[in-house]
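Residue-level structural notes
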Amino acid sequence: MFQVNRSENRLRKLEEKRFADLQLREREHLQEWLANQPDALGEELLIIQKEFDGFADTRERLDLLGLDKDGHLVVIENKLDDSGRDVAWQALKYTAYVSSLTKAQIIDIYQHYLDRFCGGGNAVLSICDFLEVEELDEVVLNPGNDQRLMFIAANFRKEVTSTVLWLREHQIDARCFKVIPYGFGEELFVDIQQVIPTPEAADFMIGMAEKETEAKTAKGAQRRSHRLRFDFWEQALEALRARGLTRYNTINPSGANWLSSGTGVSGCVYNLIFSRDEARVELSLQRADRDENKWMFDELLAQREAIEKRFGAELNWKRMDDKKSCRVEFPQPFDGFDRENWPDMIEWLGDHIDRFENTFRDPLQRLNQAMKSGERAI
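Residues numbered from 1 in each chain as written. Predicted model: local features only at pLDDT ≥ 70, side-chain atom pairs only at ≥ 80, totals over all residues. Heavy atoms only, no water.

**Observations concerning the packing of helix α7 (residues 290-302) against helix α9 (residues 342-373)**
Two packed helices can be described by the angle between their axes and the distance between those axes. α9 packs onto α7 with a crossing angle of 130° between their chain directions and a minimal axis gap of 11 Å. It follows that α7 is oblique to α9 by the angle criterion. Along this stretch, α7 crosses α9, giving a crossing that reads as right-handed. Judged by residue contacts, Glu292, Trp295, Met296, Glu299 and Leu300 of α7 engage Phe360, Pro363, Leu364, Leu367, Ala370 and Met371 from α9. Residue composition of the contact of α7 with α9, grouped by class: nine nonpolar, no polar and two charged. (Axes fitted to C-alpha atoms, helices over the stretch in contact; angles between N-to-C directions. Helix = DSSP H or I, 4+ residues; strand = E, 2+ residues; numbered from the N terminus. Parallel < 35°, antiparallel > 145°, perpendicular 65-115°, else oblique. Left-handed = near helix turned anticlockwise from the far one by under 90°. Contact = heavy atoms within 4.5 Å. Nonpolar A, V, L, I, M, F, W, Y, C, P; charged D, E, K, R; others polar.)

Shown next, in the form of structure tokens:
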């Protein structure tokens with residue numbers, strides 16, 4: 001750090017000092033500076049207690065306890081010339097201790113702080129003013145597991161910085177601030193800089209951590225859904241084969257949400273569908289030639305009244321002009337992700353795919369013969 005001598009247009013290097021050499025102490029000096037000027041840490045904070053020892057079954061004390069503008073508790077641990085080996089472990093313990101504090105307890109802690117160190121005041125009004133709300137009922141204090149940690153020291157040991165970086169990778173907001181005293185004649189200056197993460201990288205690191213967590217969550221959900229569907233089809237195939245539906249003898253369970261079987265007409269299949277919200281049977285016309293699919297669908301649709309009468313219910317007819325394929329569907333609502341519903345779903349699928357085959361077998365064969373003989377008109 002340098003002083004600028006404007007009259008001489010020169011720089012003068014300030015002398016870096018050690019807190020110990022200046023006979024400055026952690027509690028009486030650094031802690032007091034931060035308690036009275038918490039925005040020195042780069043953001044607006046409300047200090048609600050110092051030397052907090054309100055932990056059950058222990059007399060340990062955390063240096064400073066604060067609130068940020070989102071109502072999160074901030075554990076602030078101060079060291080002087082060296083972070084020490086155990087500061088990260090201490091801060092983690094303190095953070096675990098305060099994680100269970102309720103709104104009422106936080107207000108009580110802050111009220112004691114005001115009465116003891118600030119000559120009194122109203123804790124509720126002060127917190128409302130800091131959070132810029134009319135009523136404290138509008139906000140949640142100390143939500144979930146979103147407590148934050150701040151470490152302040154002139155030098156950080158590797159075990160401390162490694163721990164902080166690891167915590168940040170797991171979306172725990174931990175930060176390191178380097179505080180260095182400088183002397184200039186009789187004057188004393190203090191430089192406080194956030195070093196982990198650097199201010200420029202903070203938003204990027206948070207974004208990357210959120211993205212990674214989102215990807216892991218999605219991948220985990222995908223694996224669970226895949227396993228769930230595989231288990232369902234394993235049970236369903238066993239039941240379908242037991243009821244004599246031989247078309248499923250050579251089909252294996254998979255993690256997909258459908259099972260397909262042939263109709264006897266090329267490019268036309270029956271599908272069984274298993275989803276979170278429903279079970280469904282469908283006829284899918286998916287030949288390579290789009291026009292053939294549309295022609296077959298239109299011919300079946302022209303027989304809709306007779307087909308639905310034979311099936312015994314109205315069907316969903318989906319020509320899907322923006323796609324190559326067409327579908328005829330019959331769905332039934334189910335909570336598919338509740339395994340207790342599976343026997344009913346499997347029985348329903350078996351009954352209705354059998355009805356689908358009996359309903360569409362002859363119309364499909366007639367359309368197939370018409371295409372082979374060249375009788376169709378597109």
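**Here's the deal with the packing of aromatic side chains**
Under the counting rule described, the total for this entry stands at 16 aromatic pairs. For the pair Tyr110 and Tyr113, a centre-to-centre distance of 6.3 Å together with 20° between the ring planes defines the contact as stacked. Placement of both Tyr110 and Tyr113 in helix α3 (residues 103-117) is noted, with a separation of three residues, approximately one turn of the helix. When the ring centre of Phe130 is taken as origin, the NZ or CZ atom of Lys69, which lies over that ring, is 4.6 Å away. (Phe/Tyr/Trp six-rings, centres within 6.5 Å; stacked < 30°, edge-to-face > 60°. Lys NZ or Arg CZ within 6 Å of the ring centre and 35° of its normal.)

**Let's talk about helix α2 (residues 87-98)**
The end-to-end C-alpha distance of α2, which contains twelve residues, comes to 16 Å, matching closely the 16 Å that a straight helix rising 1.5 Å per residue would cover. Along α2, the residues classified as buried are Val87, Ala88, Ala91, Lys93, Tyr94, Thr95 and Val98. In this fold, the buried residues of α2 make contact with β4 (46-52), β5 (62-67), β6 (73-78), β7 (148-153) and α5 (158-169). (Expected span 1.5 Å × (residues − 1). Buried < 20%, exposed > 50% of the residue type's maximum accessible area, 1.4 Å probe, protein only.)

**Description of a nonpolar patch on the surface**
Together, Leu22, Trp33, Leu188 and Val190 line one region of the surface with nonpolar side chains, adding up to about 290 Å² of accessible area. Locating Leu188 in the fold gives a position in strand β9 (residues 187-196). (Patch = residues over 30% accessible without salt bridge, like charges linked within 9 Å, V, L, I, M, F, W, Y side chains within 5 Å. Areas by Shrake-Rupley, 256 points an atom, 1.4 Å probe, with all protein chains shown as cover. Salt bridge = Lys/Arg side-chain N within 4 Å of Asp/Glu carboxyl O.)

**Quick word on the side chain of Arg168**
By the element assignment, Arg168 lies in helix α5. Reaching out from Arg168, the side chain makes a polar contact with the backbone oxygen of Ala174 at a distance of 3.0 Å. (Polar contact = N/O pair within 3.5 Å; in protein donor to acceptor, adjacent residues only side chain to side chain.)

**Details of the nonpolar core**
Leu65, Leu67, Ile76, Val98 and Ile152 are the most contacted members of the largest nonpolar core, which totals 44 residues. When residues in this core are grouped by element, the largest group, six residues, is from α3. Residues contacting Val98, with those up to four places away along its chain left out, are Phe52, Phe55, Leu62, Leu65, Leu73, Val75, Asn142 and Gln147. (Core = buried A, V, L, I, M, F, W, Y, C linked by side-chain atoms within 4.5 Å.)

**Focus: the layout of surface pockets**
Taken as a whole, the second largest pocket holds about 240 Å³ of empty space. Around the second largest pocket, the lining residues are Gln49, Lys50, Glu51, Phe52, Asp53, Gly54, Arg61, Leu101, Asp108, Ile109, His112 and Arg116. Listing elements by their share of the lining of the second largest pocket, those giving two or more residues are β4 and α3. Of the residues contributing to the lining of the second largest pocket, the split by class is three nonpolar, three polar and six charged. (1 Å grid on protein atoms, 1.4 Å probe; cavity = no way out; pocket = protein on both sides within 12 Å on 5 of 7 lines; lining within 4 Å. Points joined across faces, edges and corners; volume = space filled by probe spheres on them.)

**Considering unusual backbone geometry**
The omega angle of the peptide bond from Ile196 to Pro197 is -15°, so this bond is cis rather than trans. With respect to the element layout, Pro197 can be found in the loop between β9 and α6 (199-242). Its identity as a non-glycine residue notwithstanding, Gln23 has a phi of 60°, on the positive side. Here Gln23 shows up in the loop between β3 (15-16) and α1 (26-36).

**Details of helix α4 (residues 123-131)**
Within α4 the residues assigned to the buried category are Ala123, Ile127, Cys128, Phe130 and Leu131. The buried residues of α4 occupy one face: seen down the axis, they fall within an arc of 165°. Away from its buried face, by an angle of more than 90 degrees, α4 presents the exposed residues Leu125 and Asp129. In this structure, the buried side of α4 is in contact with β4, β5 and α3. A distance of 3.0 Å separates the backbone nitrogen of Val124 from a side-chain oxygen at the start of α4, and that oxygen is part of Asn122. A positive backbone phi angle near 60° is found at Glu132, which sits one or two residues after α4. (Arc of directions from axis to C-beta.)

**Things to note about the pattern of salt bridges**
Applying the stated criterion across every chain, the model contains 31 salt bridges. For Arg327, the salt bridge is made with Glu282, and the minimal N-O distance between the two is 3.5 Å. Residue Arg327 is located in strand β14 (residues 326-333), and its partner Glu282 is located in strand β12 (residues 278-285); the two are separated by 45 residues in the primary sequence. Under the relative-accessibility criterion, Arg327 is labelled partly exposed at 22%.

**Some words on the environment of Phe55**
Following the sequence through the fold, Phe55 ends up in the loop between β4 and β5. In the structure, Phe55 is positioned 192 residues away from Arg247 in sequence and 67 Å away in space, judged by C-alpha atoms. Beyond its immediate chain neighbours, meaning those up to four positions away, Phe55 contacts Glu60, Leu62, Tyr94, Tyr97 and Val98.

**Some thoughts on the sheet that holds strand β13 (residues 316-318)**
Pairing within the open sheet is antiparallel, and its five strands lie in the order β10-β11-β12-β14-β13. Of all strands in the sheet, those with a lone pairing partner are β10 (258-262) and β13, marking the two edges. Neighbour-to-neighbour, the strand axes of this sheet turn through a mean angle of 20°, independent of strand direction. Looking at chain direction, β10 and strand β11 (residues 268-274) are connected through five bridges and run antiparallel. Along β11, the bridge assignment pairs Trp258 with Ile273. (Pairing = 2+ DSSP bridges.)

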